[in-house]
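# Chain and residue survey
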Amino acid sequence: MKAPPLKLGELTVSPPVLLAPMAGLTDAAMRRTSLAFGAGLAFTEVVNAEALVRGSRRTAFLLETLEGESPVA
């Protein structure tokens, strides 16, 4: 049995398997591996919103994605 694609606004995620955002775990290597093995969508690490507002370079680094890493939220 094949699950139908997941619609998120204008984005269609197929297969409807997501790599959840996890602090300290969903770095670029984990996202690329998950996407290569069939995840339909991967998330960056969980980050602190206040750190982003304050301009933390370390926090901004956690949100960086690599070329070919798609789709990523």
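The structure reproduced in this document is the subject of the present report. (Residues numbered from 1 in each chain as written. Predicted model: local features only at pLDDT ≥ 70, side-chain atom pairs only at ≥ 80, totals over all residues. Heavy atoms only, no water.)

## Thoughts on the overall build of the chain
Within the chain, the regular secondary structure consists of three helices and four strands. Reading the secondary structure of the chain in the N-to-C direction produces β-β-β-α-β-α-α. Overall size of the chain, expressed as C-alpha extent along the three principal axes, is 45 × 25 × 20 Å. In the chain, buried positions account for 21% of the 73 residues. Taking the contacts inside the chain whose residues are at least 6 apart along the sequence as the reference set, 39% of them involve residues at least 24 apart. Accessible area of the chain: about 5400 Å², with a carbon and sulfur share of 60%. Once the 7 positive and 7 negative side-chain charges of the chain are each reduced to a mean point, those two points are 2 Å apart. (Helix = DSSP H or I, 4+ residues; strand = E, 2+ residues; numbered from the N terminus. Buried < 20%, exposed > 50% of the residue type's maximum accessible area, 1.4 Å probe, protein only. Contact = heavy atoms within 4.5 Å. Areas by Shrake-Rupley, 256 points an atom, 1.4 Å probe, with all protein chains shown as cover. Lys, Arg positive; Asp, Glu negative; His and termini not counted. Charge placed at Lys NZ, Arg CZ, Asp CG, Glu CD.)

## Examining helix α1 (residues 28–36)
Among all positions in α1, only Arg31, Ser34 and Leu35 are buried. Buried residues in α1, looked at end-on, bunch into an arc of 95°, giving them a common side. Exposed and facing more than 90 degrees away from the buried side of α1 are Ala29 and Ala36. On its buried face, α1 is in contact with β3 (18–19), β4 (41–42) and α3 (57–62). Downstream of α1 by one or two residues, glycine 38 has phi in the positive range, about 110°. (Arc of directions from axis to C-beta.)

## A few points about unusual backbone geometry
For the bond running from serine 14 to proline 15, omega is 5°, close enough to zero to count as cis. If you trace the backbone, proline 15 turns up in the loop between β2 (11–13) and β3. Between serine 70 and the following residue, proline 71, the backbone shows a cis peptide bond with an omega angle of -5°. Structurally, proline 71 is set in the segment after α3.

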